[in-house]
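# Tertiary structure, described
Take a look at the letters that make up each chain.
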Amino acid sequence: MKASEPLKLLALAADEIIVAIFLLIILPGLGIDVPLPAVALVLAVLILKDFLIAPFVLRGGLSARPKTGPESLIGKEALVIEELSPEGVVKVEGEMWRAECLNGNAERGESVTIVGIKGAKLLVELPASEEPP
């Protein structure tokens, strides 16, 4: 866990803490009793909200940089256009790329997975079931 994550979690929980203090301490001090099931329902809704937005906040929220360029292709499937023995051409997202197959040769029409980038060349692998013996 990064050092900033506990602070982000505390910021997410701030509204629950404030509402709980208000409902359990301030209102009863003013003579207004709030039924415990109502307090539990309000806090449950606020906690559910936190579970829904916490992954977004902890991943960086709006400040997270989107993947762009060749790095965004890693993990995607590409279609072999020119036999990879071990180098050739693949097509991914409508674009042709030079590619190198790291685990054998791939025939035209086969599907390969992009596992890395080396300069302007994609590094690809055959799916495990298609690897040559």
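Residues numbered from 1 in each chain as written. Predicted model: local features only at pLDDT ≥ 70, side-chain atom pairs only at ≥ 80, totals over all residues. Heavy atoms only, no water.

A few words on the sheet that holds strand β4 (residues 111-118). One closed barrel holds the five strands; their spatial order is β1-β2-β3-β5-β4, and the pairing between them is mixed. Across the sheet, the axes of successive neighbouring strands diverge by a mean angle of 55 degrees, strand direction being ignored. (Pairing = 2+ DSSP bridges. Helix = DSSP H or I, 4+ residues; strand = E, 2+ residues; numbered from the N terminus. Axes fitted to C-alpha atoms, helices over the stretch in contact; angles between N-to-C directions.)

Inspection of every chain in the model, using the stated rule, returns six salt bridges. Here D50 ties to K49 by a salt bridge, and the two come within 2.6 Å at their closest N and O atoms. The class for D50 is buried, based on a relative accessible area of 11%. The residue R98 makes a salt bridge to E82 at a minimum N-O spacing of 3.7 Å. With a gap of 16 residues between them, R98 in strand β3 (residues 95-101) and E82 in strand β1 (residues 77-82) connect regions that are remote in the sequence. Under the relative-accessibility criterion, E82 is labelled partly exposed at 41%. Each of the salt bridges in this network shares a partner with another, and the network as a whole consists of D15, K49 and D50. (Salt bridge = Lys/Arg side-chain N within 4 Å of Asp/Glu carboxyl O. Buried < 20%, exposed > 50% of the residue type's maximum accessible area, 1.4 Å probe, protein only.)

One recurring pattern in soluble globular proteins is that nonpolar side chains are buried together. Of all hydrophobic cores here, the largest spans 15 residues; its most connected members are L84, V90, V92, V112, I114, L122 and V124. Looking at this core element by element, the count peaks at three residues for β3. Those residues within four positions of I114 in sequence are excluded, and the remaining contacts are L73, I74, G75, K76, A78, V92, L122, L123 and V124. Counting five residues, the second largest nonpolar core, distinct from the first, contains A20, L23, L27 and V39. (Core = buried A, V, L, I, M, F, W, Y, C linked by side-chain atoms within 4.5 Å. Contact = heavy atoms within 4.5 Å.)

Turning our attention to unusual backbone geometry. For the bond running from S85 to P86, omega is -5 degrees, close enough to zero to count as cis. By secondary structure assignment, the location of P86 is in the loop between β1 and β2 (87-92). In this model, E93 sits at a positive phi of 50 degrees, which is unusual for a non-glycine residue.

Below, the discussion takes up the pairing of β4. Bridging between β1 and β4 involves three bridges; their strand directions are antiparallel. Counted as the bridge partner of A78 is V112 from β4. Summarising the sheet, β4 and strand β5 (residues 121-125) pair through five bridges and their orientation is antiparallel. Across the sheet, the residue bridging to T113 is E125, located in β5. Connecting the antiparallel pair β4 and β5 is a turn made up of two residues, with G119 showing a positive phi of about 65 degrees.

These values are about where atoms sit, not about what they do.
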